[in-house]
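Notes for the structure review
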Amino acid sequence: MRNRTLLTILALCAAGSLLVALLVGSVPLSAAQVLDSLFVQTQGIVHDIVWQLRLPRALAAFVCGALLASSGVLLQVLLRNPLADPYVLGISGGAALGALGAMLIGATLAVMNMAAFGGALAAMAIVFALSFRSGDWNPHRLLLTGVVLSSGFAALISLILAVAPQAQLKGMLFWLMGDLSDAGASGTAWLLLVLLLAVFTWLAATLDALTLGSMKARALGVAVTPMQAALYVGAAAATVAAVLLGGSIGFVGMMAPHALRLLGVHAHRVLLPAAALGGGIFVVLADVLARTLWAPQQLPVGVFTALIGVPVLLVLLSRRA
Amino acid sequence: MLRATALGFSAGSRTLCRALDFAAAAGELWAVLGCNGSGKTTLLHALAGLARPAAGAVEFDGRAVDDYPRREFARGVGMLLQREEQEYWGTLEDYVRVGRFPHAQPPFGEDAGGEEAVARALAAFDLQSCAQQSFATLSGGERQRARLAQLWAQDARVLLLDEPLQHLDLRHQLQTMQLIRAATRAGRAAVVVLHDLTYAAHCDRVLMLHGDGGHAQGAAAEMLEPARLEALYGCRLAVCGSGSTAHVMPVI
């Protein structure tokens with residue numbers, strides 16, 4: 001009952017955060033105007049602001065946060081390390097290298113997205129090939145491979161930033177910090193999110209058993225290796241989808257699962273959907289700040305996820321201590 | 001119930017055990033004895049299907065271990081590991097509940113007798129008072145009892161226990177051995193790695209692993225002879241008392 005209450009509260013907060021994202025902006029709208037344009041077919045400027053600007057961006061922000069938080073939950077089980085976040089496996093590094101490389105040669109947005117996707121896939125393939133040998137998956141080797149690869153990507157990204165013309169630097173930095181101002185349609189990401197939540201909530205008991213380590217999980221009847229492969233693919237797909245929409249938005253993937261654990265949520269059938277909702281709410285609200293606080297200038301959302309997330313997590317940690 | 005045929009395993013280049021035939025039948029309580037590194041844990045892992053032995057085969061109810069879907073096997077054979085790789089983030093009760101995994105049905109882990117089994121297991125190991133405590137804050141002995149309770153919640157027909165008495169105080173050592181004994185009386189089979197020969201004397205049968213490929217097995221009374229034990233452990237021993245009240249101590 002307590003778990004159901006938590007999920008209900010989070011779902012209501014999610015709806016509330018999306019409503020706030022529709023209300024707040026350079027043109028302030030009233031709740032009546034927003035609801036009217038949402039549910040009663042109208043034309044005009046309010047309709048355009050809601051349907052073409054704010055709603056797509058709010059939905060992109062939400063799905064980004066939800067995917068990153070889900071990916072964080074899955075990776076923390078896979079790597080059995082509480083510090084794991086979606087970026088630890090080098091996937092976002094690969095995507096960033098692709099995206100920045102494309103920006104450097106002046107490619108269009110579509111090409112840049114394809115390059116980011118290619119970079120992420122290449123990083124996934126390298127990590128997979130180096131860590132998965134003859135059916136044995138060692139989380140320590142997986143983590144270490146990801147960390148080493150990330151360092152390599154970071155060096156190449158620094159190189160690109162060093163040689164890039166001044167005019168392109170801002171766009172590159174925004175991409176690296178996480179920015180939703182260029183976020184496109186998020187339909188595919190939403191589809192992926194629903195699929196991931198369905199599959200892994202269905203497998204929640206298996207995730208609970210896997211947190212005890214692979215040997216114990218096997219003794220309890222978990223088919224460990226296929227499950228680890230599924231976790232890796234699920235987490236990687238969620239990260240790629242999120243990074244393609246919003247760049248490297250930091251801190252959500254690690255924070256959302258931990259904040260919930262510190263609040264006493266451990267069973268994955270609750271933790272996973274709760275983390276997805278929490279991550280979504282968090283990024284939507286951070287993005288509202290990012291686009292209004294310095295208006296008309298838009299700031300990268302990643303700055304706000306960290307600025308809000310760090311004190312929240314520190315308070316939770318100190319309360320726990 | 002659980003049968004190993006011509007089992008052989010090694011550690012690195014060292015052959016630990018050669019051509020071992022072993023069977024644990026319903027109602028039997030086995031003690032596995034041997035020095036450190038003699039292959040007791042490796043044997044239990046092979047019996048639990050957690051590691052493939054270098055030679056031989058393991059069957060449960062007449063069917064090869066590898067042929068079982070893992071969940072179905074875990075409903076039949078449960079294993080208490082000697083050590084766990086991982087800290088657990090949840091409460092003690094959550095931890096014990098994970099033992100119900102083989103019985104949980106997707107999509108949401110429905111498990112008809114689950115809560116009752118968890119409550120019974122917590123009560124059996126005196127853990128009700130700290131059931132809601134975070135697992136990370138438990139003492140070594142409480143954690144060991146939590147692991148045992150998790151295995152009890154798993155409700156398997158064969159219990160493989162690797163040093164179940166480690167970290168336990170005297171009362172809980174006795175209580176644990178009594179619970180294992182009660183489980184075998186109720187028709188389960190148990191294979192227990194022990195270092196305490198006083199408790200080994202209360203088992204039905206004893207398997208000795210010499211760590212050099214050699215092994216011996218038989219009824220507890222016949223196996224726990226001072227000469228055999230001295231050969232097994234490589235030290236001089238003194239026996240006080242006799243029969244089930246015998247105590248074996250090293251001569252200092």
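Since the model is a prediction, treat every value here as computed from it, not as a measurement.

As for the overall build of chain A
- Across its full length, chain A holds 14 helices and two strands.
- The C-alpha atoms of chain A give a radius of gyration of 20 Å, which matches the 20 Å a tight globule of 321 residues would have.
- Reported as C-alpha extents along the three principal axes, the dimensions of chain A are approximately 60 × 55 × 40 Å.
- Buried residues in chain A amount to 52% of all 321 residues.
- A separation threshold of at least 6 residues defines the contact pool for chain A, and within that pool the share at least 24 residues apart is 75%.

A word on a nonpolar patch on the surface
All names here are of chain A.
- On the surface, Leu 19, Leu 35, Phe 39 and Val 40 cluster together into a nonpolar patch covering about 380 Å² of accessible area.
- Relative to the helices and strands, Val 40 is located in the loop between helix H2 (31–39) and helix H3 (45–78).
- Taking relative accessible area as the criterion, Val 40 reaches 44% and is therefore assigned partly exposed.

Regarding the pairing of strand E10 (residues 215–219) of chain B
All names here are of chain B.
- Both strand E9 (residues 205–209) and E10 contribute to a ladder of five bridges, which runs antiparallel. Residue Val 206 lies in a different strand from E10, and its bridge partner there is Gly 218.
- Connecting E9 to the antiparallel partner E10 that follows it, the hairpin turn spans five residues, and Gly 211 within it adopts a positive phi of roughly 85°.

Concerning the interface of chain A and chain B
- Listed as interface residues are 24 residues of chain A and, on the opposing side, 27 residues of chain B.
- Approximately 2400 Å² of surface area, both sides summed, lies buried where chain A meets chain B, with 63% of it carried by carbon and sulfur atoms.
- Linking chain A to chain B there are one salt bridge.
- Counting every contact that joins chain A to chain B gives four residue pairs in polar contact (both at pLDDT 80 or more).
- Counting residues per element, the side of chain A that touches chain B draws most heavily on helix H10 (residues 214–219) of chain A, which supplies five residues.

Describing the pairing of strand E8 (residues 189–193) of chain B
All names here are of chain B.
- With respect to burial, E8 is a largely interior element, five of its five residues being buried.
- Along E8, one buried face is formed by Ala 189, Val 191 and Val 193 and the opposite face, lined by Ala 190 and Val 192, is buried too.
- In the sheet, strand E3 (residues 29–34) pairs with E8 via four bridges, with the strands oriented parallel. Note on E8: the bridge partner recorded for Ala 31 is Val 192.

Quick notes on helix H6 (residues 170–185) of chain B
Residues and elements named next belong to chain B.
- Between the first and last C-alpha of H6 there are 22 Å, a value that for 16 residues agrees with the 22 Å anticipated at 1.5 Å per step.
- Looking only at H6, the buried set comprises His 172, Gln 173, Gln 175, Thr 176, Met 177, Leu 179, Ile 180, Arg 181, Ala 183 and Thr 184.
- Residues of H6 that are buried make contact with E3, helix H4 (114–124), helix H5 (140–154), strand E7 (158–162), E8 and helix H7 (197–200).
- Between the side-chain oxygen at the start of H6 and the backbone nitrogen of Arg 171 there is a gap of 3.1 Å, and the oxygen is on Asp 169.

Some thoughts on the confidence of the model for chain A
- Overall, the prediction assigns chain A a mean pLDDT of 88, with 98% of residues at 70 or greater.
- Mean pLDDT values over the elements of chain A span from 69, in strand E2 (residues 136–137) of chain A, up to 95, in helix H8 (residues 187–202) of chain A.

Brief notes about the sheet that holds E8 of chain B
All names here are of chain B.
- If you trace the six strands from one edge of the open sheet to the other, you get E6-E7-E8-E3-E9-E10, paired in mixed fashion. At either margin of the open sheet sits one strand with a lone partner, and together these are strand E6 (77–80) and E10. Geometrically, the sheet is characterised by an average inter-axis angle of 15° between neighbouring strands, direction not taken into account.
- Each of E6 and E7 is contacted by H5, which is oriented at about 175° to E6, the strand it contacts most.
- In this fold helix H9 (residues 226–233) packs onto E3, E9 and E10, with an angle of close to 50° to the strand it touches most, E3.

Some details on the environment of Ala 216 of chain B
All names here are of chain B.
- Looking at the element boundaries, Ala 216 is found in strand E10.
- Overall, Ala 216 belongs to the buried group, its relative accessible area being 17%.
- A C-alpha to C-alpha distance of 8.9 Å links Ala 216 and Leu 20, two positions 196 residues apart in sequence.
- Apart from residues lying up to four places away in sequence, Ala 216 is in contact with Val 206, Leu 207, Met 208, Met 223 and Arg 228.

So, the packing of aromatic side chains
Residues and elements named next belong to chain B.
- Under the defined criterion, the tally for this structure stands at ten aromatic pairs over all chains.
- Measuring from centroid to centroid gives 6.0 Å for Tyr 88 and Phe 135, while their planes differ by 90°, and the two rings are edge-to-face. With Tyr 88 in the loop between E6 and helix H3 (92–97) and Phe 135 in the loop between H4 and H5, the pair connects residues that are 47 residues apart, well separated along the chain.
- The buried category is assigned to Tyr 88, whose relative accessible area is 8%.
- Note that Arg 63 overlies the ring of Tyr 68, its terminal NZ or CZ placed 4.2 Å from the centroid.

Some thoughts on the packing of H3 of chain A against helix H12 (residues 252–262) of chain A
Residue and element names in this part refer to chain A.
- It is the contact of H3 with H12, at a shortest axis distance of 7 Å, that shows an interaxial angle of 70°. By the angle between their directions, the pair H3 and H12 is classed as roughly perpendicular. The two elements H3 and H12 meet at a crossing, and its hand is right-handed. Seen from H3, the contacting residues are Gly 65, Leu 68, Ala 69, Gly 72, Val 73 and Gln 76; seen from H12, they are Val 252, Gly 253, Met 254, Ala 256, Pro 257, His 258 and Arg 261.
- Grouping the constituent residues of the contact of H3 with H12 by class yields seven nonpolar, five polar and one charged.

Some thoughts on the sheet that holds strand E2 (residues 14–24) of chain B
Residues and elements named next belong to chain B.
- Pairing is antiparallel across the open sheet formed by four strands, whose spatial order is E2-E1-E4-E5. Either end of the sheet is taken by a strand with one partner, and the two such strands are E2 and strand E5 (63–64).
- Seen against the sheet, helix H1 (residues 40–47) touches strand E1 (2–11), E2 and strand E4 (55–60) and runs at an angle of roughly 135° to E1.

Here's the deal with empty space enclosed by the protein
- Per the counting criterion, the structure on display carries one cavity of 30 Å³ or more.
- Around the largest cavity, the lining residues are Ala 219 of chain A together with Ala 48, Arg 70, Phe 73, Ala 74, Val 77, Gly 78 and Met 79 of chain B.
- Contributing elements (two or more residues each) for the lining of the largest cavity: helix H2 (70–76) and E6 of chain B.
- Grouping the amino acids of the lining of the largest cavity by side-chain chemistry returns six nonpolar, one polar and one charged.

About the cut-offs
- Residues numbered from 1 in each chain as written.
- Chains lettered and ligands numbered in written order.
- Predicted model: local features only at pLDDT ≥ 70, side-chain atom pairs only at ≥ 80, totals over all residues.
- Heavy atoms only, no water.
- Helix = DSSP H or I, 4+ residues; strand = E, 2+ residues; numbered from the N terminus.
- Rg over C-alpha atoms; globule rule 2.2 N^0.38 Å.
- Buried < 20%, exposed > 50% of the residue type's maximum accessible area, 1.4 Å probe, protein only.
- Contact = heavy atoms within 4.5 Å.
- Patch = residues over 30% accessible without salt bridge, like charges linked within 9 Å, V, L, I, M, F, W, Y side chains within 5 Å.
- Areas by Shrake-Rupley, 256 points an atom, 1.4 Å probe, with all protein chains shown as cover.
- Salt bridge = Lys/Arg side-chain N within 4 Å of Asp/Glu carboxyl O.
- Pairing = 2+ DSSP bridges.
- Buried area = accessible area lost by both parts, 1.4 Å probe.
- Polar contact = N/O pair within 3.5 Å; in protein donor to acceptor, adjacent residues only side chain to side chain.
- Expected span 1.5 Å × (residues − 1).
- pLDDT = per-residue confidence, 0-100.
- Axes fitted to C-alpha atoms, helices over the stretch in contact; angles between N-to-C directions.
- Phe/Tyr/Trp six-rings, centres within 6.5 Å; stacked < 30°, edge-to-face > 60°.
- Lys NZ or Arg CZ within 6 Å of the ring centre and 35° of its normal.
- Parallel < 35°, antiparallel > 145°, perpendicular 65-115°, else oblique.
- Left-handed = near helix turned anticlockwise from the far one by under 90°.
- Nonpolar A, V, L, I, M, F, W, Y, C, P; charged D, E, K, R; others polar.
- 1 Å grid on protein atoms, 1.4 Å probe; cavity = no way out; pocket = protein on both sides within 12 Å on 5 of 7 lines; lining within 4 Å.
- Points joined across faces, edges and corners; volume = space filled by probe spheres on them.

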